[in-house]
Structure formats: C-alpha cells, structure tokens
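# Structural characterization, general
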Amino acid sequence: MLLKLLNDFAESRNLLDDLAFSPKAVRWIISLDVDGNLIGAGPRETIGEKNRGKEYSAPQTSRVKNAGGVAEFLADNLTGLFGLDTDPEKDKENTQKRRERDANNQAKCMDFWRQIVKAFDATQCPALHALLRYHEKTQIPPPFLRWGVAAEQKPNEKPAWWLTTAVGTETKLGLDNFSFEVEGFDGLLLNDETQLRPYWRRVYQKEIDDRDTTAKRGTCLITGDTDVPIAATHSEKIKGVPNTQSFGAAIVSFDKPAFTSYGFDQSQNAPSSTKAATAYCNALNYLLKQDDHYLRIGQTSVCFWAKETRQASTLIAKMFNRPDPASIRGFLAAPWAGIDRELVKRDRFYSVTLSGNAGRIVVRHWLHITLEQAMENFQRWFKDLEVTPYGDPSVYDNGKRKTKDKDSMPPLALFRLACSTVRDPKDLQSETLTQLYRAALEGASLSSMLLKPMLYRLQVDLPKHGLSVLANPSRFALMRLIVNRNRKDDVPMIEPQIFETSDPAYNCGRLLAIFDSLQRSAHGAGFDGATVSERYFGSASTTPNTAFSLLWKLHTHHLKKLRQQGEKGKAAANKIKNTITETVALFQPENPGEAPQFPRHFNLVEQGRFALGFYQQMAVRKAAIDEYVRRKKAGEIQPEDIDDELELTANHESSQL
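Thresholds applied
Residues numbered from 1 in each chain as written. Predicted model: local features only at pLDDT ≥ 70, side-chain atom pairs only at ≥ 80, totals over all residues. Heavy atoms only, no water. Helix = DSSP H or I, 4+ residues; strand = E, 2+ residues; numbered from the N terminus. Rg over C-alpha atoms; globule rule 2.2 N^0.38 Å. Buried < 20%, exposed > 50% of the residue type's maximum accessible area, 1.4 Å probe, protein only. Contact = heavy atoms within 4.5 Å. Pairing = 2+ DSSP bridges. Phe/Tyr/Trp six-rings, centres within 6.5 Å; stacked < 30°, edge-to-face > 60°. Lys NZ or Arg CZ within 6 Å of the ring centre and 35° of its normal. Core = buried A, V, L, I, M, F, W, Y, C linked by side-chain atoms within 4.5 Å. Domains from an automatic or database assignment. Axes fitted to C-alpha atoms, helices over the stretch in contact; angles between N-to-C directions. Left-handed = near helix turned anticlockwise from the far one by under 90°. Parallel < 35°, antiparallel > 145°, perpendicular 65-115°, else oblique. Nonpolar A, V, L, I, M, F, W, Y, C, P; charged D, E, K, R; others polar. Lys, Arg positive; Asp, Glu negative; His and termini not counted. Salt bridge = Lys/Arg side-chain N within 4 Å of Asp/Glu carboxyl O. Polar contact = N/O pair within 3.5 Å; in protein donor to acceptor, adjacent residues only side chain to side chain. Expected span 1.5 Å × (residues − 1). pLDDT = per-residue confidence, 0-100.

Looking now at the overall build of the protein chain. Helix and strand counts for the protein chain come out as 20 helices and 14 strands. Against the compact-globule benchmark of 26 Å for 657 residues, the protein chain has a radius of gyration of 33 Å, which places it well outside the compact range. C-alpha extents for the protein chain along the principal axes are approximately 100 × 60 × 50 Å. Burial statistics for the protein chain: of 657 residues in total, 50% are counted as buried. Sequence separation of 24 or more characterises 69% of the internal contacts of the protein chain that already satisfy a separation of 6 or more.

Our next topic: the pairing of strand β11 (residues 294-297). With four bridges connecting them, β11 and strand β12 (residues 300-306) associate as antiparallel partners. When the sheet's bridge partners are listed, I297 is paired in β12 with T300. The hairpin turn running from β11 into β12, its antiparallel successor, is two residues long, and G298 in that turn takes a positive phi close to 65 degrees.

In this structure the tally under the stated criterion is 26 aromatic pairs. Where W147 meets W161, the ring centres are 5.5 Å apart and the plane angle is 65 degrees; that geometry is what we call edge-to-face. Pair noted here: W147 is in strand β5 (residues 145-148) and W161 is in strand β6 (residues 160-164), with a separation of 14 residues, a long-range link. Among the aromatic residues, ring-to-ring pairing joins F9, Y286, W305, Y350 and W366 into one connected group. We note R197 situated over the ring of F21; from NZ or CZ to the ring centre the distance is 3.8 Å.

Of all hydrophobic cores here, the largest spans 96 residues; its most connected members are F378, W381 and F548. Take this core: its biggest share by element is ten residues, from helix α15 (residues 504-523). Inspection of this core shows a minimum of three residues originating in each of domain 3 (291-486) and domain 4 (487-656). When neighbours within four sequence positions are excluded, F378 is seen to be in contact with I316, M319, F320, F331, A440 and L441.

Turning to the packing of helix α13 (residues 451-465) against helix α14 (residues 474-485), a few remarks are in order. α14 packs onto α13 with a crossing angle of 145 degrees between their chain directions and a minimal axis gap of 11 Å. Like other packed secondary-structure pairs, α13 and α14 cross with a definite hand, here left-handed. Contacts from L451, M454, L455, R457, L458 and D461 of α13 reach α14 at R475, F476, L478, M479, I482 and V483.

Before going further, it helps to examine the pairing of strand β8 (residues 178-182). Of all five residues in β8, five are buried; the element is thus mostly enclosed. Where burial is concerned, the two faces of β8 agree: the one with F178, F180 and V182 and the one with S179 and E181 are both buried.

Let's shift gears to the environment of N104. Relative to the helices and strands, N104 is located in helix α3 (residues 95-123). Apart from the residues within four sequence positions on either side, N104 is in contact with A67, G68 and G69.

Here we come to the packing of α15 against helix α16 (residues 532-542). For the pair α15 and α16, the least separation of the axes is 10 Å and the interaxial angle reads 160 degrees. Relative to α16, the element α15 lies roughly antiparallel. As for how α15 packs across α16, the hand of that crossing is right-handed. Residue-level inspection shows L512, F515, D516, Q519 and R520 of α15 in contact with α16, the latter providing V532, S533, E534, F537 and A540. Among the residues making up the contact of α15 with α16, the classes are represented as five nonpolar, two polar and three charged.

Another point: the side chain of H558. Structurally, H558 can be placed in helix α17 (residues 544-563). With residues up to four places along the chain from it excluded, the contact list for H558 reads L518, Q519, A522, H523 and V532.

Spatial ordering of the open sheet is given by β11-β12-β13-β14, a layout of four strands whose pairing is antiparallel. On the outer flanks of this sheet lie β11 and β14 (360-370), each paired with one strand and no other. Strand-to-strand twist of the sheet, defined as the mean angle between neighbouring strand axes without regard to direction, takes the value 15 degrees. Helix α7 (residues 310-321) rests against β11, β12 and β13 (348-357) of the sheet, and its axis sits at about 145 degrees to β12.

Right, let's get into the side chain of D192. For D192, the position within the fold is in the loop between β8 and α5 (196-214). Here D192 is buried and forms no salt bridge, its nearest opposite-charge partner R197 lying at an N-O distance of 8.4 Å. A polar side-chain atom of D192 sits 2.5 Å from a polar atom in the side chain of T194. From its side chain, D192 meets the backbone nitrogen of Q195 in a polar contact 2.9 Å long.

On to the sheet that holds β6. Here we have three strands laid out as an open sheet, ordered β5-β6-β7, and antiparallel in their pairing. Every interior strand has two partners, whereas the edge strands, β5 and β7 (170-172), have only one. Mean inter-strand twist for the sheet, computed between neighbouring axes without regard to direction, equals 30 degrees. Here three bridges tie β6 to β7, and the two strands are oriented antiparallel to one another. By the bridge assignment for β7, W162 is matched with K172.

Bringing helix α10 (residues 371-385) into the picture now. Between its terminal C-alpha atoms α10 stretches 21 Å, which fits the 21 Å expected from 15 residues at 1.5 Å a residue. Most of α10 is tucked away: eleven of the 15 residues are buried. Taken as a whole, α10 has its buried residues at L371, E372, A374, M375, N377, F378, Q379, W381, F382, D384 and L385.

Of the residues in the protein chain, 96% have a pLDDT of 70 or more, and the chain-wide mean is 87. Counted against residues more than four places away or in other chains, residues 399-403, with its pLDDT under 50, gives nine contacts.

Relative to the assigned elements, D76 resides in the loop between β4 (54-59) and α2 (78-82). Overall, the relative accessible area of 5% leaves D76 in the buried class. Taking the C-alpha atoms as reference, D76 lies 9.6 Å from C109; in sequence the two are 33 residues apart. Excluding residues that lie within four positions of it along the chain, D76 makes contacts with K24, A71, L81, K108, F112, N177 and F178. Among the polar contacts listed, one links the side chain of D76 to the side chain of K108, at a separation of 3.4 Å.

With that settled, the discussion passes to unusual backbone geometry. P141 follows I140 through a cis peptide bond whose omega is -5 degrees. Mapped onto the fold, P141 is located in the loop between α4 (126-137) and β5. Look at D91: it is not a glycine, yet its phi comes out positive at around 55 degrees. Inspection of the secondary structure assignment puts D91 in the loop between α2 and α3. One non-glycine residue with positive phi stands out, namely N156, at about 60 degrees. By secondary structure assignment, the location of N156 is in the loop between β5 and β6.

The structure is reproduced here in structure tokens:
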C-alpha cells in the first residue's frame, strides 16, 4: 500500500517527466579556457547550504553503482575527475584492499572521462574538447589539490585534502562535487540545453531501454501490471533520512541468501517493475526535500501528503513547526479556510515515519486516514495542549522566525514538546516522536510513561532554576494532554485554567503552591534559601500524606511570621489562610463525617495531575502579581483598590519570580 501510494504520488506530481537529471550540490567549478587551461589559481566556490555548494539539476546515471567504478556525467567528486581517493590512507596496511580500492578509483575516473569522450564524439561540442585537453594536460593530483594537514597544524589533526581556490585561499575539502565551465561557453556545461542536456536525455533513455530489455519480466506487486520488466535491485537510493549513508539507503533490498526464497534472487523476492521502483523512490526523495511535506525531528523523518488537497500538507507542516497563537486560533476557528470542504471529505491523508539503519530505511509508522479525520484530530490536539502561561503570555508568540533552534520555536511546536521529555534533544527517541505524531493526527493517547522523565526533570530543575522552569509551558501543555488522554471515567478533565475539583492530586499540587507563596511572603525579598516547593515537590507529589504532615506544621510557622510584619502582614496572612481553607475544603473525606486525609501515595498519572495543580496555582498568583504591579506603576491603584497581600508580596516576589 505504501509503495503504491508513493508511486501514485510521483505520477500525480509529474516527478517522472525528466529522470535524466536530479538535484545535486556542486561546490567547486573548474574554469577553463578554450584550450583546456585552468583559469585562476584553482576552482571557484559556489555558495550553498552547509558548505555543500549550490544545488544544480545535474545529469544522473541509471547504472548500478553498488560495485563502484561508475561515474556521473559532467559533475562528480575528486575520485571521478582525478581518480584520487577521498582517504588515501584508508586500508594502508591491507595491501589487497588497498589495491582493490585504487583499482575502483581508477575505473571510476576512466568512466567519467569515457563519457566525456563519447559525448564529444556525439555532439562535437567545443566546450567538451576543452575538457579533454585539460584532462590530457593535468598532472595527478592537480596543483590546486594537496593531501596533508593545515598550514597551521592543530594538535592531533588528521590529514585531509586541501584545495586552493580561484582567489588563492586554501580550504579543506569534504565530500564535495566538481563541475566545469569553459570560457566563451554560456554558463555551466551541465546547464546547457542546446546540446549537452538533450544528449544526456538520449543516453539516459538508452540506459533505461537496455536495462528493461535484459530484465526478467513478471507481475509488479506495486502497480499490479503484468509482463513488465522487474527491477533486480531498487538502485535509486532514498536520501535525507537520518542515520543513513550520504548516498542514500534502500527501503526494499535483499542482499543475503537467507532473505531469499523459492530461488528468487535479490528484489525478485518482492517483484516491482523498474518504473514503479523508480517512481516510489523519487516520490520519497521529493517529499524529503519539501518543507511542506516533511518533518525531521531528532533521528526520525516524517513525510506526509494529501492525495488531492495540496494545501493540507502545507497547513499541517506550519502548525507542527510554527504554531503561534494567531495561527492556532485561526485553525481552531476555521480549519477549512481556503480549502474545498467537499474535497476534504473524500480526500485521503497519508504519512510515513522513517528512520535509518546504515544502508536501510526503517518504516516506523504508516498512517492513512481521511483528511477530514486528520484535521479534526489535529484540532483536538491543540485544544488538549491549551494551558495558561506562567508569566508573560507573549511566550506563545515565540517562533515568528523560521528556525530549527529549539528555544526559538513556539512552545507548542512538535519538536519543542518532544524536547520537554528529555534533558538534551540528542536523547530524543524515535518512539517518542512517533507517539506525538500519532497523538496529533490519529487522536491516539500518549503513553503515561512519558510522564516519568518529565516529572523527574521538573523535580531536578525546580531546586536548580527556581520558578523560572514554569515559564516554559511546553512541559505542562504536554503533561495536560497525557493526563487527560489517560484519565479514567470517574476522574475529571484537567482544564486549561485553574478550576475547582475534588481531585486530591490536583488539589495537593495547588496546596503546595500556596504554601510556597506563603513562605516567600513571610521571609521577604531577602530570602535566599530553598523554598518548600524546591525541597518537597518530589515527596509531596509521590507520598503526600507524609510530606504534607510536615508542610502543614511549616505553614503555621510561616503564617505566624507573616503576621509579625504589621497590619499588612496580618491582612496578607488572613487572606492566604482563607485560600488554604478553601482549598482544603475541596478534599473529600472517605466516609461522611470524617476529616479528609491526604492520600498515602500518587501513581504516575496522579503525579502529573499534582504537577498541573501546582503549575496552574502558581500561574494564577503570578498573573495577579504582574497585573497589580502594572496597575501600580500606571497609577491606576486607588486607595480602596489596595490589596494588602499583593501589596506586600508584589514587592517581595516581583524580584524573585
């Protein structure tokens, strides 16, 4: 099904119209005069992403490269152009391997120049004559290349290829590609539509015809077509999946006898026509390069598309990467804006989650549902993530810029939500991303076990960073979604804002936040010790009965200390005491007439509810203090509006929170 839909996608997007060429990064351009002499001190550099050079539509061969010795036409690396090994010291101690490696390099170089000779014979293009003259004159290695260390050697530096550029500077080579331009010839040779590109289309088509003529014929499992040439191997590689090789990897491959059956060899075990094999690989390569169809999160790639509604994937990609408040509001209010509703009802949405394992690609998850259902699930995703911000609400606006930096993304971006489950983004597991993605588009529940690392990080970060850990709502938004989607029928939903409930875990979290605020008010701005939340959050969220027996005694001490601060202190203490009384009244006794008891322990989901109660109570207090300070600075506080508790605590806490 997956390969069939990828094949259909390639045909619907016209991805098979010009297979003789494919995008290729070329970093170095060798400039020649008509006699094949190098112009300048060395090649000139093109500007592209991550020092890979500019991407061009370059000729590609359909010949199998697995065995080596096959070069591309007009653009290749230093092995193709000069027969040089990218690492001449590799296998230096193994004579046999070294000899085979050298022979392979020479075969590739000969293949590159053989193609130039053949093209010149067919086209008589004078620019190719200049290339052949250059090949005859050039010594190996050419003067602008040298193997060694940097001019100013660094400690423990390993040797590498260094290149002198056209302007005389020296730079270290990576896996760079080279191509040519000739004086008097209009542009790069690989862009020439008058002779060279039409010539290469004919060569490529002949390669395809020869391959299909010699291929076994059979029934294609992808398209269902009969008596079609079957691909012996799926030679087109899929590039861009994390943890795969630079030249790509295969999603269908058989290279060991143990993987074959009934005498079928290699990909004959899962017969696919040569055309269909090329189509699905091109479709995936296309999806993996489109920001509107692709997400890379950690070591996982997700490709998605709608069969007919092209705007849908653009919208979903935007909402995963840059979900700012305005776009979320717009999406929740009118998810079908600009999209034909009738088309959405009958359209299908597909996505595939991929990860790499060297030369092979692992399909982690495959989704195909109606587009309407996907969008409804996506709406529910954002509703379940809604949570009141702690402090400045503009934190949700972060992410106007298109960036891959975690801290510059909006809090509800998928990557940032995933990062809230780990200490470092490099620790992200593919399974976590898959779960988040499924929760967003399938409406699935996330495993409650994800709460464990999140709560652990909160317990570690709270004493270390104080209340600033509450300023990032990603952790609590995801926590709310996990808790609500794992709740039992008799347990209330956690609302986005603070609310009254008889849920003991939620109310214990609120009570700890109130005790924490009381302690801060009692000690004043000069307090620099650990607060009750920093010291007891872990024990209060797991064994509340034990922790709150101590916290209850502490809070009476803090109330007494607050009352000693004059009339304002007494008023503040009375107000906080009333808040504590109201919160405690929400606890329900096990039996009528008995005093309520704190539970002996909380399970993992209850610990999540505890954390959310703590967070929401803190957010309410922070908002009240910020608003009071704002009104006070603006001169909007009248004598009758003075709040003794906020008046006292604003001065203390505004400098601490």
